[in-house]
Amino acid sequence: MEKESEKRYQEFISASKEADDVYHTLALKFGLSDSAMWILCTMREADRELTQAEIAEEMSMSRQTINSAIKNLEKQGYLYMAPAPGDRRNKTLSFTAKGEDFVKRTVDRMLDLEHQVFARLEVQEQEQITEILRKYTRYMKEGAEKI
């Protein structure tokens, strides 16, 4: 990689890690693992009951990866599982009253912040950042399949 390209790459990696660190810090502030926070965000944004498989798909993670985070959220009393209508093998996840209260005090505030920050970008910037991130992710997926 040429010197200037390597420098831009390092800047990109640094910026990406900074963004990840903001989310990690919020998760810690909320007393959650990163995975647990993203599960709660995914459920909140869906605004309906979801199965573990749907959460895994939405988060682009395996069911096994998110299973322990879901179990911890259940133990904490934030989520409960119930048989999915018409398919007893699958279970849907819902917020308990305690979970709903917790999400209002934590995850909702983070999601509001994300919306406020995104709104501060110009429309063209919003479109560009989305387009570039999708392109970067597509290239990473293509490369990861070859590893």
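As the structure is a prediction and not an experimental result, all values here were calculated from the model.

A. Representation of helix α3 (residues 52-59) within the structure. The complete set of buried residues in α3 reads Gln52, Ile55, Ala56 and Met59. One side of α3 holds all its buried residues, which, seen down the axis, span an arc of 100 degrees. Facing away from the buried side of α3, by more than 90 degrees, are the exposed residues Glu57 and Glu58. Among the structural elements, α2 (34-46), β1 (50-51), α4 (63-75), β2 (79-84) and β3 (87-95) are those in contact with the buried residues of α3.

B. Molecular detail of the UniProt feature "domain: HTH marR-type" (unreviewed entry) in the protein. Here, UniProt's "domain: HTH marR-type" (unreviewed entry) annotation points to residues 5-138. For the annotated span residues 5-138, helix accounts for 73% and strand for 13% of the residues, and the straight-line distance between the end C-alpha atoms is 20 Å.

C. Expanded view of the pattern of salt bridges. Across all of its chains, the model carries four salt bridges by this definition. Between Arg44 and Glu100 there is a salt bridge; the shortest N-O distance is 2.8 Å. Taken together, the residues span a long stretch of sequence, with Arg44 in helix α2 and Glu100 in helix α5 (residues 97-105) at a distance of 56 residues. You can call Arg44 buried: its relative accessible area is 16%. Here Arg48 and Glu54 are joined by a salt bridge, their closest N and O atoms 3.6 Å apart. Residue classification places Glu54 among the partly exposed positions, given a relative accessible area of 33%. Residues joined in a network through salt bridges with shared partners are Arg44, Glu100 and Asp108.

D. Representation of the sheet that holds β3 in the model. If you trace the three strands from one edge of the open sheet to the other, you get β1-β3-β2, paired in antiparallel fashion. The sheet terminates laterally at β1 and β2, the two strands that pair on one side only. Taken together, the two bridges between β1 and β3 define a ladder with antiparallel strand orientation. Note that in β3 the partner of Thr51 across the bridge is Thr92. Here α4 sits on the sheet in contact with β2 and β3, set at roughly 120 degrees to β2.

Definitions and cut-offs
Residues numbered from 1 in each chain as written. Predicted model: local features only at pLDDT ≥ 70, side-chain atom pairs only at ≥ 80, totals over all residues. Heavy atoms only, no water. Buried < 20%, exposed > 50% of the residue type's maximum accessible area, 1.4 Å probe, protein only. Helix = DSSP H or I, 4+ residues; strand = E, 2+ residues; numbered from the N terminus. Arc of directions from axis to C-beta. Contact = heavy atoms within 4.5 Å. UniProt positions renumbered as here; feature names shortened; annotations may be inferred. Salt bridge = Lys/Arg side-chain N within 4 Å of Asp/Glu carboxyl O. Pairing = 2+ DSSP bridges. Axes fitted to C-alpha atoms, helices over the stretch in contact; angles between N-to-C directions.

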